[in-house]
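Take a look at the letters that make up each chain.
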Amino acid sequence: MNQSTNMRNAGSTAGRPQRGFTLIELIVATTILAILVGAAVPIAKNAVRREREHELRQDLWMIRDAIDRYKDAADRGAFQIKVGSEGWPPDLDTLVTGVDVAGKKLKFLRRIPVDPMTKQEWGMRSMQDDKDSDSWGGQNVFDVYSKSDQVALDDTKYKDW
């Protein structure tokens with residue numbers, strides 16, 4: 001008899017705890033997960049935006065440094081300059097291709113980076129252009145800027161950097 005009683009109880013779940021989650025536990029866990037994901041998305045977006053802003057600052061600094069080094073070399077008379085250029089480079093490609101100095105190429109940039117905000121070319125201003133002008137006169141490259149109309153995390157426009 002003992003054996004038959006044990007056989008009957010073996011199939012029954014009355015004596016042992018149930019495994020798994022209840023519907024309420026699943027709803028609560030899903031709600032908590034949704035709240036955490038909802039909070040993480042804006043943080044991730046800001047991190048990506050901050051990284052792109054950092055890249056923009058670096059690229060602008062690199063191009064402006066190359067323009068200044070070109071201007072310094074031109075002012076020292078290291079190479080011939082075009083009349084009316086005032087020693088500024090004629091275009092950004094000249095910074096990459098370089099200029100001849102005593103039979104050697106003097107290069108100022110390895111490559112022209114792409115604007116990280118617009119994924120397009122940079123806006124340029126010549127010495128003769130108005131400081132707020134959005135069109136390049138084509139005489140020389142005095143300044144570069146992003147063509148993005150977006151506002152940075154510090155509430156300044158990218159094109160004003």
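Residues numbered from 1 in each chain as written. Predicted model: local features only at pLDDT ≥ 70, side-chain atom pairs only at ≥ 80, totals over all residues. Heavy atoms only, no water.

### A word on the nonpolar core
Ile 67, Leu 92, Leu 95, Phe 108 and Val 144 are the most contacted members of the largest nonpolar core, which totals 23 residues. Contributions of two or more residues to this core are made by helix 2 (23-75) and helix 3 (92-97). Per-element accounting of this core gives the leading share, eight residues, to helix 2. Contacts of Ile 67, omitting those with residues within four sequence positions, involve Trp 88, Pro 89, Leu 92, Leu 95, Val 141, Phe 142 and Val 144. (Core = buried A, V, L, I, M, F, W, Y, C linked by side-chain atoms within 4.5 Å. Buried < 20%, exposed > 50% of the residue type's maximum accessible area, 1.4 Å probe, protein only. Helix = DSSP H or I, 4+ residues; strand = E, 2+ residues; numbered from the N terminus. Contact = heavy atoms within 4.5 Å.)

### Some remarks on the packing of aromatic side chains
Per the counting criterion, the structure on display carries four aromatic pairs. On the basis of an interplanar angle of 55° and a centroid distance of 4.9 Å, the ring pair of Tyr 70 and Phe 79 is categorised as tilted. For the ring pair Trp 88 and Phe 142, a centre distance of 4.9 Å and an interplane angle of 90° mean the geometry is edge-to-face. With Trp 88 in the loop between helix 2 and helix 3 and Phe 142 in the loop between strand 3 (123-125) and strand 4 (143-145), the pair connects residues that are 54 residues apart, well separated along the chain. Each member of the aromatic cluster is reached from another via a ring pair, and the members are Tyr 70, Phe 79 and Phe 108. It is Arg 57 that lies over the ring of Trp 161; its NZ or CZ is 3.9 Å from the centre. Here Arg 125 stacks its cationic end above the ring of Tyr 145, 4.0 Å away from the centre of that ring. (Phe/Tyr/Trp six-rings, centres within 6.5 Å; stacked < 30°, edge-to-face > 60°. Lys NZ or Arg CZ within 6 Å of the ring centre and 35° of its normal.)

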